[in-house]
Amino acid sequence: GLYASYLFKEEKSAVILSKLFSLALIYIVKETLEAGDDFRIIAITWLFALLSHTYLINKLKVFEDKSLSWTRSLSISTTKTFLTYFFLYALLMIPELLLLTGSIGKGLSIISFLLLPLFSSAFLVALHSYLFKSNLNPDKFVTYLFWLFMICFMLVLSKLIWITTVTLLLISFLLFRK
């Protein structure tokens, strides 16, 4: 609730720009798909669309540090906070998911369609959990983002998106708990 309202009220331009880029990218690829195309085409496009949302993650972390630092002293479980971020990032990708509904059957099965929001949340929460480091260096974050993207890119090409999603969720949960 708080995070989504912050994004859509205070960071409208950032949300609009990231959505504009990701929706345009997905639309272009969607229009070129034909029946029998490989899911990896959509998954790699989705990964690039996720990159356009990384700026929003930084904005959320700054908001959290400035305005919500007092919530850390509350007795909210780590799991509940993690799930809040997980669902927030899944909801953030709903417009892109709706755009892809017409691609079911053209390179996108229903199971793959349902996997995309899980992958989105896993990737974006992995980025967010890295921002909890106490000695955060912007250069190291960019390096982390680059390597996370490259590893996910290679694993998607290898048709290991399920394993990537589960692994990212486990790693990000462990980083989140630290």
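Note that this is a predicted model, so its numbers are computed, not measured.

Rules and cut-offs
- The numbers attached to residues start from 1 for each chain and follow its sequence in the written order.
- pLDDT decides what is reported in this predicted model: residues at 70 or higher carry local features, side-chain atom pairs at 80 or more are listed and counted, and totals for whole chains, interfaces and linings draw on all residues regardless.
- Excluding hydrogens and water, the side-chain values take into account all heavy atoms of the structure.
- For helices the rule is a DSSP run of H or I covering at least 4 residues; for strands it is a run of E covering at least 2, with both sets numbered from the N terminus onward.
- Throughout, the radius of gyration refers to the C-alpha atoms, and the reference size of a globule is 2.2 Å times the residue count to the power 0.38.
- Under the scheme applied here, a residue whose accessible area is under 20% of the maximum for its type counts as buried, over 50% as exposed, and between as partly exposed, the area being computed with a 1.4 Å probe on protein chains only.
- Axis definition: a line fitted to C-alpha atoms, limited for helices to the stretch in contact. Angles are taken between N-to-C directions and run from 0 to 180 degrees.
- The scheme is simple: roughly parallel for angles under 35 degrees, roughly antiparallel for over 145, roughly perpendicular for 65 to 115, oblique for anything else.
- Helix crossings get a hand from a simple test, with the near helix turned counterclockwise from the far one by less than a right angle marking a left-handed crossing and a clockwise turn marking a right-handed one.
- Contacts between residues were defined by any pair of non-hydrogen atoms, one from each residue, lying within 4.5 Å.
- Lys, Arg, Asp and Glu make up the charged group, whereas Ala, Val, Leu, Ile, Met, Phe, Trp, Tyr, Cys and Pro make up the nonpolar group; the residues left over, Gly among them, are polar.
- As used in this record, nonpolar core signifies buried Ala, Val, Leu, Ile, Met, Phe, Trp, Tyr and Cys residues forming a set joined through side-chain atoms within 4.5 Å.
- Nitrogen and oxygen atoms within 3.5 Å of one another constitute a polar contact, given that in protein one can donate a hydrogen and the other can accept it, and given that sequence-neighbouring residues count only through two side-chain atoms.
- Any carboxyl oxygen of Asp or Glu that lies within 4 Å of a side-chain nitrogen of Lys or Arg is treated as forming a salt bridge with it.
- Paired rings are identified among Phe, Tyr and Trp, the last through its six-membered ring, by centres lying within 6.5 Å, and are further divided according to the angle between planes into stacked (under 30 degrees), edge-to-face (over 60) and tilted (the rest).

A. Region of interest: the overall build of the protein. Looking only at helices and strands, the protein has 9 helices and 0 strands in total. In sequence order, the protein lays out its α and β elements as α-α-α-α-α-α-α-α-α. Against the 2.2 N^0.38 benchmark of 16 Å for 178 residues, the protein shows a C-alpha radius of gyration of 16 Å, consistent with a compact globule. Principal axes of the C-alpha set define a box for the protein whose edges measure 55 × 30 × 30 Å. Across the 178 residues in the protein, those meeting the buried criterion constitute 43%.

B. Expanded view of the packing of helix α4 (residues 54-67) against helix α7 (residues 110-130). Between α4 and α7, the least distance of the axes is 10 Å, while the angle of their chain directions is 45°. Between α4 and α7, the angle falls in the class oblique. For the element pair α4 and α7, the recorded crossing hand is right-handed. Between α4, through Thr54, Ile57, Leu60, Lys61 and Glu64, and α7, the contact on the second element is made entirely by Leu124, Leu127 and His128. Considering only residue class, the contact of α4 with α7 consists of 4 nonpolar, 2 polar and 2 charged.

C. Examining unusual backbone geometry more closely. Positive phi is not limited to glycine here, since lysine 159 has a value of about 65°. Structurally, lysine 159 is set in the loop between α8 (138-157) and α9 (161-177). A relative accessible area of 58% places lysine 159 in the exposed class.

D. Spotlight on the nonpolar core. One finds Trp46, Tyr89, Phe119 and Phe123 to be the most contacted residues of the largest nonpolar core, which totals 50 residues. For this core, the elements supplying multiple residues, two or more each, are α1 (2-10), α2 (12-32), α3 (39-51), α4, α5 (78-92), α7, α8 and α9. Considering every element that reaches this core, the biggest residue donor is α7, with 11 residues. Once residues lying within four places of it in the same chain are set aside, the contact partners of phenylalanine 119 are Trp46, Leu47, Leu50, Cys152, Val156, Ile161, Thr164, Thr165 and Leu168.

E. Geometry of the side chain of histidine 128. Tracing the backbone through its elements, the reader meets histidine 128 in helix α7. On the accessibility criterion, histidine 128 (1% relative accessible area) is buried. Of the polar contacts made by the side chain of histidine 128, one reaches the side chain of tyrosine 85; its length is 3.3 Å. The contacts of histidine 128, once residues within four sequence positions are left out, are Ile57, Leu60, Lys61, Glu64, Tyr85 and Tyr89.

F. Here's a closer look at the pattern of salt bridges. Inspection of the entire model under this criterion finds 5 salt bridges. Here lysine 30 ties to glutamate 31 by a salt bridge, and the two come within 3.5 Å at their closest N and O atoms. Residue glutamate 64 is joined to lysine 61 by a salt bridge in which the shortest nitrogen-to-oxygen separation is 3.9 Å. Of this pair, glutamate 64 and lysine 61 are both found in helix α4, 3 residues apart, which corresponds to roughly one turn of the helix.

G. Structural context of the packing of aromatic side chains. In total, this model carries 13 aromatic pairs according to the counting rule given. Consider the rings of phenylalanine 48 and phenylalanine 153, whose centres lie 6.4 Å apart with planes at 80°: the pair is edge-to-face. Here phenylalanine 153 lies in helix α8 and phenylalanine 48 lies in helix α3, a separation of 105 residues in the sequence. Here phenylalanine 119 and phenylalanine 123 contribute two aromatic rings whose centre-to-centre distance is 6.4 Å and whose plane-to-plane angle is 35°, an arrangement assigned as tilted. Placement of both phenylalanine 119 and phenylalanine 123 in helix α7 is noted, with a separation of 4 residues, approximately one turn of the helix.

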